[in-house]
Amino acid sequence: MHGDVNPSAVPSAKGNTPSRAEAPPPLRATCWGTRGSIPSPGPTTARFGGNTSCLEVRTREDRCYIFDAGTGIRVLGNRLAQNPQPTDVDLFVTHFHWDHIQGIPFFAPLHAEDTYIRIHAARQGDLDIETLLKGQMGPVYFPVPYATLAARLSFEHLTGGAWHDNGIEVAAYRVRHPAHTYGYRIRTTGASVAYIPDNELVGARYPVDGPAWYEGLVDFLADVDVLFHDAMFTDEEYPEVEGWGHSTFNQAVALAEDAGVKRLFFFHHAPERTDADLLRILDEVRADVERRGSTLDLGVAAEGEEVMVQERTS
Ligand SMILES: [Zn+2]
Ligand SMILES: [Zn+2]
């Protein structure tokens with residue numbers, strides 16, 4: 001369908017029986033922030049959103065996993081704060097560039113005593129996660145002292161590999177970006193979602209590099225149901241921005257096809273990219289994909305939309 005980007009309006013094509021369709025799917029993913037670099041509100045970005053990176057993934061049992069804490073996490077936090085249940089979540093941070101942490105001080109559950117948040121991320125050089133958060137909330141930058149936060153916080157420093165909790169696996173893979181940056185994959189029986197908002201697939205040099213790195217990434221994403229991937233630039237723009245740590249729309253498509261990903265959502269939209277631009281680019285890239293006979297399903301990540309990840313039947 002021309003310009004169709006509302007994934008929640010698209011019936012599952014995964015062969016669900018009617019009875020299964022009534023049960024919650026194994027995973028549901030909601031983008032609370034899709035923008036890269038800096039919030040970009042305004043009439044030209046209203047459809048796909050102006051908040052920076054934040055993805056919520058919920059399991060069938062309603063466990064909440066949050067990926068990144070850009071300004072989008074403020075809106076999610078307000079939702080969680082309305083819930084009569086205490087907030088008990090795992091937050092996985094890809095890296096500590098502003099657009100991935102700026103919402104943390106404004107995350108309402110931090111100010112509730114019955115909140116428990118486990119924060120997972122890579123240490124940045126000598127800096128542990130708590131030191132980074134304290135720095136972000138230092139008095140020069142923010143009026144509420146870190147020490148007064150009511151929530152219980154714990155910190156898990158990742159070095160790659162996988163983390164398990166109640167039948168859920170979250171795996172981390174280091175990607176090509178300035179700073180020690182992870183991409184994440186969350187998996188449960190029958191469904192998986194991957195989130196890689198900042199990753200320069202081609203060009204520049206990084207501590208992780210080369211064919212072995214790419215093959216490792218393809219393995220990491222093998223048969224993933226839904227991938228949210230960095231697609232910040234067009235091929236025409238890329239030569240000017242090589243080394244900034246980001247990919248093009250077509251590079252993200254090539255990765256998704258190499259890995260056999262089922263649905264790819266373009267993510268980390270450039271601040272100046274309008275809704276009209278994104279729709280036009282989606283149409284162009286989709287036409288190319290269809291011309292090649294690829295079965296990859298494409299979309300543009302849109303703030304506030306819930307993506308249902310139905311159980312695979314094969
Ligand atoms: Zn970013
Ligand atoms: Zn970044």
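For the structure, see preceding data.
Computed from a predicted structure; not experimentally measured. (Residues numbered from 1 in each chain as written. Chains lettered and ligands numbered in written order. Predicted model: local features only at pLDDT ≥ 70, side-chain atom pairs only at ≥ 80, totals over all residues.)

Caption draft 1: Representation of the sheet that holds strand 7 (residues 161–165) in the model. In space, the seven strands of this open sheet follow the order 7-8-9-10-11-12-13, with mixed pairing throughout. Every interior strand has two partners, whereas the edge strands, strand 7 and strand 13 (297–300), have only one. Averaged over neighbouring strand pairs, the angle between their axes works out to 20 degrees when direction is ignored. Bridge count between strand 9 (residues 182–188) and strand 10 (residues 191–196): five bridges; the pairing is antiparallel. Note that in strand 10 the partner of Ile186 across the bridge is Val193. (Pairing = 2+ DSSP bridges. Helix = DSSP H or I, 4+ residues; strand = E, 2+ residues; numbered from the N terminus. Axes fitted to C-alpha atoms, helices over the stretch in contact; angles between N-to-C directions.)

Caption draft 2: Broad picture of the environment of Gly167. Topologically, Gly167 is positioned in the loop between strand 7 and strand 8 (168–174). Look at Gly167 and you get partly exposed, because 13 C-beta atoms sit within 10 Å. The spatial distance from the C-alpha of Gly167 to the C-alpha of Arg263 is 23 Å, given a sequence separation of 96 residues. Once you skip the residues sitting within four places of it in the chain, Gly167 turns out to touch Thr188 and Thr189. (Buried ≥ 20, exposed ≤ 12 C-beta atoms within 10 Å, placed from the backbone. Contact = placed C-beta atoms within 7 Å.)

Caption draft 3: Structural detail: the pairing of strand 12 (residues 263–267). Counting buried positions along strand 12 gives five out of five residues, so the element sits mostly inside the fold. Neither face of strand 12 is open: one carries Arg263, Phe265 and Phe267, the other Leu264 and Phe266, and all of them are buried. Pairing analysis gives five bridges linking strand 11 (residues 226–230) to strand 12, with the strands arranged parallel. Paired with Leu227 across the bridge in strand 12 is Leu264. Pairing analysis gives four bridges linking strand 12 to strand 13, with the strands arranged parallel.

Caption draft 4: Structural context of unusual backbone geometry. With a phi close to 50 degrees, Asn166 is a non-glycine residue in the positive phi region. In this fold, Asn166 is placed in the loop between strand 7 and strand 8. Despite not being glycine, His268 shows a phi value in the positive range, around 60 degrees. Relative to the helices and strands, His268 is located in the loop between strand 12 and helix 8 (275–291). The exposure class of His268 is buried, given the 29 C-beta atoms found within 10 Å.

Caption draft 5: Highlighting the nonpolar core. Ranked by internal contacts, the top residues of the largest apolar core, which has 73 residues, are Tyr184, Val193 and Leu227. Of the residues forming this core, the biggest block, six residues, is contributed by helix 7 (residues 249–259). Excluding anything up to four places from it in sequence, Tyr184 contacts Phe67, Phe92, Val170, Ala172, Ala194 and Tyr195. (Core = buried A, V, L, I, M, F, W, Y, C linked by C-beta atoms within 7 Å.)

Caption draft 6: Representation of the sheet that holds strand 2 (residues 54–59) in the model. Spatially, seven strands are ordered 6-5-4-3-2-1-14 in an open sheet, and the strand pairing comes out mixed. Unpaired on one side and paired on the other, strand 6 (152–157) and strand 14 (306–309) mark the two borders of the sheet. Going from strand to strand, the sheet's axes swing by 20 degrees on average, the running direction of each strand aside. When strand 5 (residues 116–121) meets strand 6, the two strands line up parallel, connected through six bridges. Each bridged residue has a counterpart across the sheet, and for Arg118 the counterpart in strand 6 is Ser154.

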